[in-house]
Amino acid sequence: MKKINIGITDQNREAIADVLAKILADEFVLYSKTLNAHWNIEGPDFHSVHLYLETLYKQQQQIVDTVAEKIRAIGHYVPAQLEKYLELTHLTESSPEKNDSQTYFAELLVDHESIIIFLRENIKPIADKFKGEGISDYITGLMELHEKTAWMLRSHLKK
């Protein structure tokens, strides 16, 4: 492959790839947890929640693919082992006590908010310190998508 010449130093591209790998791990774990909720949801609101969770896991699948492509676009290989994701993620794996929408949505909300915080903390460093303005813009858009999903989940949980 030809040497990458996009105005970002090798060292900065490596630092960005490290952040993107953590984002990928978070997004993949969230994808898995959302898929689990979709498969196992029970309760009187089953049908509508099952469909909503399908929308969410498909959205997560696209996010995972896009983050992986960002890593490759800056010349790095994508971590693709579950063991590696569990090392890199900020999220926790857990088994919910119940399979109802309140339980699943509360857990997913915590995960979306955790991702939002991590993304927000990395927007400026990626743009300013590592000169990755385009990736910083992408992360901003990703953060906004998680903010919208968090709002939807929070609204469902409101009593």
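Before reading on, note that the structure itself is shown above.
Cut-offs used in this document
Every chain begins its residue count from 1, and numbering advances along the sequence as written. Confidence filtering applies because this is a predicted model: local features only for residues at pLDDT of at least 70, side-chain atom pairs given and counted only at 80 or more, and all residues used for totals across whole chains, interfaces and linings. In computing side-chain values, all of the structure's heavy atoms are included and hydrogens and water are not. Note on conventions: DSSP H or I runs of at least 4 residues are helices, E runs of at least 2 residues are strands, and numbering of each starts at the N terminus. A helix is expected to span 1.5 Å for every residue after the first. Accessible area is worked out with a 1.4 Å probe on protein chains only. A residue is then buried under 20% of its type maximum, exposed over 50%, and partly exposed in between. Axes, fitted as lines to C-alpha atoms, cover a helix only where it is in contact. Angles between the N-to-C directions of the axes lie from 0 to 180 degrees. Working definition: roughly parallel below 35 degrees, roughly antiparallel above 145 degrees, roughly perpendicular at 65 to 115 degrees, and oblique for all remaining angles. Handedness of a crossing is defined here by the sense of rotation of the near helix relative to the far one, left-handed for an anticlockwise turn of less than a right angle and right-handed for a clockwise turn. In this classification, Asp, Glu, Lys and Arg are treated as charged, Ala, Val, Leu, Ile, Met, Phe, Trp, Tyr, Cys and Pro as nonpolar, and every other residue, Gly included, as polar. The term salt bridge refers to a side-chain nitrogen of Lys or Arg lying within 4 Å of a carboxyl oxygen of Asp or Glu. Polar contact is the term for a pair of N or O atoms within 3.5 Å; when the atoms are in protein, one must be able to donate a hydrogen and the other to accept it, and sequence-neighboring residues count only if both atoms are side-chain atoms. Every residue pair with non-hydrogen atoms within 4.5 Å of one another is taken to be in contact. Pairing of aromatic rings covers Phe, Tyr and Trp, the last counted by its six-membered ring, and requires centre-to-centre distances within 6.5 Å; plane angles under 30 degrees mean stacked, over 60 mean edge-to-face, and any other angle means tilted. A ring is scored as having a charge over it whenever the NZ atom of a lysine or the CZ atom of an arginine sits within 6 Å of its centre and within 35 degrees of its normal.

## Description of helix H4 (residues 101-129)
Next, step 1: In this model, H4 (29 residues) spans 41 Å end to end at C-alpha, consistent with the 42 Å of a helix rising 1.5 Å per residue.
Next, step 2: Positioned one or two residues after H4, Lys131 has a phi angle of 60°, which is positive.

## Quick look at unusual backbone geometry
Next, step 1: In this structure, Lys131 is a non-glycine residue whose phi angle is positive, near 60°.
Next, step 2: Note on placement: Lys131 falls in the loop between H4 and helix H5 (133-157).
Next, step 3: In this structure Lys131 comes out as partly exposed when scored by relative accessible area, which is 45%.

## Let's talk about the packing of helix H1 (residues 10-40) against H4
Next, step 1: Packing of H1 against H4 brings their axes to within 11 Å, and their N-to-C directions diverge by 165°. With respect to each other, H1 and H4 are oriented roughly antiparallel. The crossing of H1 and H4 is left-handed.
Next, step 2: When its residues are assigned to classes, the contact of H1 with H4 shows 11 nonpolar, six polar and seven charged.

## Comments concerning the pattern of salt bridges
Next, step 1: By the definition in use, this model includes eight salt bridges.
Next, step 2: The closest approach of N and O atoms between Glu107 and Lys33, which form a salt bridge, is 3.0 Å. Of the two residues, Glu107 sits in helix H4 while Lys33 sits in helix H1, which places them 74 residues apart along the sequence. Comparing Glu107 with Lys33 shows no difference in burial state: the two are buried.
Next, step 3: Two residues, Lys58 and Glu54, come together in a salt bridge whose shortest N-O distance is 3.0 Å. With Lys58 and Glu54 both in helix H2 (residues 46-73) and four residues apart, the pair spans about one turn of that helix.

## Brief notes about the side chain of Asp111
Next, step 1: The topology assignment puts Asp111 in helix H4.
Next, step 2: Among the polar contacts made by the side chain of Asp111, one reaches the side chain of Lys33 at a distance of 2.7 Å.
Next, step 3: Beyond its immediate sequence surroundings of up to four residues, Asp111 is in contact with Leu30, Lys33 and Leu91.

## So, the packing of H2 against H5
Next, step 1: Viewed as axis vectors pointing N to C, H2 and H5 meet at an angle of 165°, and their least axial separation amounts to 12 Å. With respect to their mutual orientation, H2 and H5 come out roughly antiparallel. Between H2 and H5 the crossing geometry is left-handed. Counting all contacts with H2, which are made through Val49, Tyr52, Leu56, Gln59, Gln60, Ile63, Thr66, Val67 and Lys70, the residues of H5 involved are Tyr138, Leu142, Leu145, His146, Thr149, Met152, Leu153 and His156.
Next, step 2: For the contact of H2 with H5, a count of residues per class yields 10 nonpolar, six polar and one charged.

## Some words on the side chain of Gln60
Next, step 1: Within the fold, Gln60 resides in helix H2.
Next, step 2: Since its relative accessible area comes to 1%, Gln60 is described here as buried.
Next, step 3: Every residue in contact with Gln60, bar those within four places of it in the chain, is listed here: Glu27, Leu30, Tyr31, Thr34, His112 and His146.

## Some details on the packing of aromatic side chains
Next, step 1: One pass over the structure, following the stated rule, counts four aromatic pairs.
Next, step 2: Between Phe28 and Tyr31, the aromatic rings sit 5.9 Å apart at their centres with planes inclined by 55°, giving tilted as the arrangement. You can see Phe28 and its partner Tyr31 sitting in helix H1, three residues apart, about one turn around the helix.
Next, step 3: According to the relative accessible area criterion, Tyr31 is buried, its value standing at 17%.
Next, step 4: Members of the aromatic cluster, each reached through a chain of ring pairs, are Phe28, Tyr31, Tyr57 and Tyr85.
Next, step 5: The lysine or arginine in question, Lys70, covers the ring of Tyr138, its NZ or CZ lying 4.9 Å from the ring centre.

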